[in-house]
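# Overview (structure and organization)
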2 protein chains.
Amino acid sequence: MVRQLYPLVSADVALFSVADDRLQVLLVRREHAPEAGLWALPGALLQPLGDADLEATARRALREKISVEVPYLAQLRTFAGASRDPRGWSLSVLHFALLPRDQVPAVVRSSVDGVRWADADAPGRRLAFDHAQQIQSARTALRQRVQDHDLPLHLMPERFTLTQLQRVCEVILSPGPEQPVRLDKGAFRRRFAKSPDIVEVPGAFEHGAQRPAQLFRVATGFQF
Amino acid sequence: MVRQLYPLVSADVALFSVADDRLQVLLVRREHAPEAGLWALPGALLQPLGDADLEATARRALREKISVEVPYLAQLRTFAGASRDPRGWSLSVLHFALLPRDQVPAVVRSSVDGVRWADADAPGRRLAFDHAQQIQSARTALRQRVQDHDLPLHLMPERFTLTQLQRVCEVILSPGPEQPVRLDKGAFRRRFAKSPDIVEVPGAFEHGAQRPAQLFRVATGFQF
DNA sequence: TAAATAGTGTCTATCAGACAATATCGT
DNA sequence: ACGATATTGTCTGATAGACACTATTTA
């Protein structure tokens with residue numbers, strides 16, 4: 001039994017997006033055994049002949065399962081052990097990815113065909129393997145990084161207002177939809193006023209049923 | 001060729017310690033091919049039949065190579081790809097560990113027998129595989145965590161003075177021995193005065209050629 | 001004009017860095 | 001007493017949170 005000598009190696013992806021003031025994570029239904037029928041994070045077995053590294057494996061998983069190319073993808077942590085997969089010793093490198101709302105393709109948005117967005121804080125009854133734990137791990141890391149850095153920018157569409165950016169941050173920092181975190185408007189704007197990562201689009205405004213709001217975009221050359 | 005179907009899986013450990021105001025990382029000389037004779041981080045190939053998870057593999061590596069049991073060991077990041085090991089597709093889960101100075105066994109301290117402590121900021125000419133990159137990655141993570149949390153406590157001996165603790169933090173935060181970072185004494189003591197993670201040992205003092213210093217120890221129940 | 005949201009200004013408690021002052025030991 | 005380090009105290013500039021105020025649009 002080769003499984004006793006070599007572990008299964010795969011890459012899983014926690015793909016997050018924000019819609020309707022909800023932080024969502026993408027799940028796919030497993031078609032084959034083991035755990036057939038259960039919801040799982042999109043993932044793929046490593047193909048040493050085709051994948052140059054693990055990020056390639058992760059991106060291939062998204063391509064194969066949901067036909068998506070994400071702008072931001074980072075490795076998070078590795079889950080491994082003898083008991084997390086019934087087939088034997090397995091190793092899964094968890095990645096997390098962020099998808100701006102306006103880049104969600106129609107095939108994913110429609111929530112059919114074994115693909116759905118789940119509430120990141122309550123992804124469902126029982127998930128395949130240790131994916132519930134993986135989601136929680138990714139959820140925590142996401143909240144952590146929003147506190148420090150400018151990571152939420154990866155979730156914004158091409159153009160956005162400061163209020164929209166603040167909503168996204170509030171959603172990510174909240175433990176769940178029931179206990180929303182409210183950030184102070186003044187402090188929030190102060191913080192991003194000093195940031196070189198966003199610039200305002202001159203003359204561009206978001207119009208609603210009230211005073212229009214200045215539109216911003218991510219600065220050119222912004223990475224990470 | 002099985003290597004074309006299954007990657008090599010291993011766990012490497014960056015073991016840090018502070019001595020003589022230097023941050024050091026432990027290296028072992030490779031005995032067998034590939035890269036025989038080069039210095040490398042201690043590591044071990046995954047043994048699915050014996051290792052329950054990757055932390056077990058990492059701890060086994062330290063046991064086998066240098067007969068050391070470390071109190072603190074954490075997973076850091078996974079390095080993988082087709083070109084980092086001449087044998088083919090390989091995957092290595094980098095861990096990092098901290099060893100208090102008074103727990104360094106004699107066999108390691110003596111720096112013989114294919115084991116040596118290297119300067120963490122200049123580990124040497126050429127190391128095996130991508131281990132130079134791995135050390136730099138671990139070095140950065142260590143500096144980062146010292147900024148935020150109370151991680152340096154894992155590097156302290158059973159009892160220590162606040163000045164000793166401050167030295168360790170300064171060494172870790174410094175880019176290298178040439179440009180030492182100096183922390184303010186008052187601010188440093190303020191920070192740890194509020195911390196519940198250390199407590200003073202009543203009546204215990206460190207005596208030198210000057211005013212004795214209060215000794216502290218890590219609080220019971222302190223983890224991470 | 002009213003409603004609603006955008007955007008700005010101000011006050012304050014907190015905190016880190018800088019630095020001075022005092023305390024207590026060995027010699 | 002002196003040198004050296006420990007320990008404490010004070011001042012100040014920067015900052016985040018709270019909150020009030022003004023501005024500008026649509027209806």
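Residues numbered from 1 in each chain as written. Chains lettered and ligands numbered in written order. Predicted model: local features only at pLDDT ≥ 70, side-chain atom pairs only at ≥ 80, totals over all residues. Heavy atoms only, no water.

Each partner contributes residues to the interface: chain A has 23 residues there, and chain B has 23 residues. Between the two partners, chain A and chain B, sit 0 salt bridges. Counting the contacts that link chain A with chain B gives 8 residue pairs in polar contact (both at pLDDT 80 or more). Those elements that provide at least two residues to the side of chain A that touches chain B are β5 (72–81) and β6 (90–98) of chain A. For the side of chain A that touches chain B, a count of residues per class yields 15 nonpolar, 4 polar and 4 charged. (Contact = heavy atoms within 4.5 Å. Salt bridge = Lys/Arg side-chain N within 4 Å of Asp/Glu carboxyl O. Polar contact = N/O pair within 3.5 Å; in protein donor to acceptor, adjacent residues only side chain to side chain. Helix = DSSP H or I, 4+ residues; strand = E, 2+ residues; numbered from the N terminus. Nonpolar A, V, L, I, M, F, W, Y, C, P; charged D, E, K, R; others polar.)

Attention now goes to the environment of Leu-142 of chain B. Note that Leu-142 of chain B resides in helix α3 (residues 131–148). Non-local contacts of Leu-142 of chain B, meaning those with residues more than four positions away in its chain, are made with Phe-16, Leu-23, Phe-96, Leu-98, Leu-151 and Ile-172 of chain B.

All names here are of chain B. The topology assignment puts Ala-193 in helix α5 (residues 185–193). When its relative accessible area of 63% is taken as the criterion, Ala-193 is described as exposed. In sequence terms Ala-193 and Leu-162 are 31 residues apart; their C-alpha atoms lie 9.9 Å from each other. (Buried < 20%, exposed > 50% of the residue type's maximum accessible area, 1.4 Å probe, protein only.)

Before going further, it helps to examine the domain arrangement of chain A. Residues and elements named next belong to chain A. Examined at the domain level, chain A breaks down into domain 1 (2–147) and domain 2 (148–218). The distance between the C-alpha centroids of domain 1 and domain 2 comes to 27 Å. With 22 residues of domain 1 at the contact, the number on the domain 2 side is 20 residues. The contact between domain 1 and domain 2 buries some 1,800 Å² in all, and 66% of this surface belongs to carbon and sulfur atoms. (Domains from an automatic or database assignment. Buried area = accessible area lost by both parts, 1.4 Å probe.)

Turning our eyes to something else, we now look at the protein's contact with DNA strand C. Taken together, the neighbourhood of DNA strand C is formed by 17 residues, with Arg-189, Gln-210 and Gln-214 of chain A together with Arg-211 and Pro-212 of chain B sitting nearest. Close to the protein, within 4 Å, the atoms of DNA strand C belong to sugar or phosphate groups at a rate of 56%. The separation between a base oxygen of DNA strand C and a polar side-chain atom of Arg-190 of chain A is 3.5 Å. Between a base nitrogen of DNA strand C and a side-chain N or O atom of Arg-190 of chain B, the distance comes to 2.9 Å. Looking at the surface near DNA strand C, the elements that each hand over two or more residues are α5 (185–193) and β10 (213–218) of chain A together with α5 of chain B. The greatest single-element share of the surface near DNA strand C, amounting to 3 residues, is contributed by α5 of chain A. When its residues are assigned to classes, the surface near DNA strand C shows 5 nonpolar, 5 polar and 7 charged. (Near = heavy atom within 4 Å.)

What follows concerns the pairing of strand β9 (residues 198–206) of chain B. All names here are of chain B. Sheet analysis places β9 next to strand β10 (residues 213–218), joined by 5 bridges and oriented antiparallel. Counted as the bridge partner of Ile-198 is Val-218 from β10. Counting the residues in the hairpin turn of β9 and β10 gives 6 residues. (Pairing = 2+ DSSP bridges.)

This brings us to the layout of surface pockets. Each pocket or cavity is described by its volume, and for the largest pocket that value is around 1,800 Å³. Lining the largest pocket are 41 residues, with Gln-75, Leu-76 and Arg-145 of chain A together with Leu-76 and Arg-145 of chain B sitting closest to its centre. Elements with a contribution of two residues or more to the lining of the largest pocket: α1 (54–66), β5 and α3 (131–148) of chain A together with β5 (72–81) and α3 of chain B. Per element, the largest residue contribution to the lining of the largest pocket is 10 residues, and it comes from β5 of chain B. Broken down by class, the residue content of the lining of the largest pocket amounts to 16 nonpolar, 15 polar and 10 charged. (1 Å grid on protein atoms, 1.4 Å probe; cavity = no way out; pocket = protein on both sides within 12 Å on 5 of 7 lines; lining within 4 Å. Points joined across faces, edges and corners; volume = space filled by probe spheres on them.)

The transform that puts chain A on chain B rotates by 180° and translates by 0.0 Å along the axis, for an RMSD of 0.0 Å. Expressed as a symmetry operation, the mapping of one chain copy onto the other fits a two-fold axis. Interface residue correspondence from chain A to chain B reaches 100%, placing this contact among same-surface, isologous pairings. (Least-squares fit on C-alpha atoms with pLDDT ≥ 70 in both.)

On to the sheet that holds strand β8 (residues 160–161) of chain B, then. Residues and elements named next belong to chain B. What the 3 strands build is an open sheet, ordered β8-β10-β9; its pairing is antiparallel. Of all the strands in the sheet, just β8 and β9 have a single pairing partner and so form its edges. In the sheet, β8 pairs with β10 via 2 bridges, with the strands oriented antiparallel. Counted as the bridge partner of Phe-160 is Phe-216 from β10.

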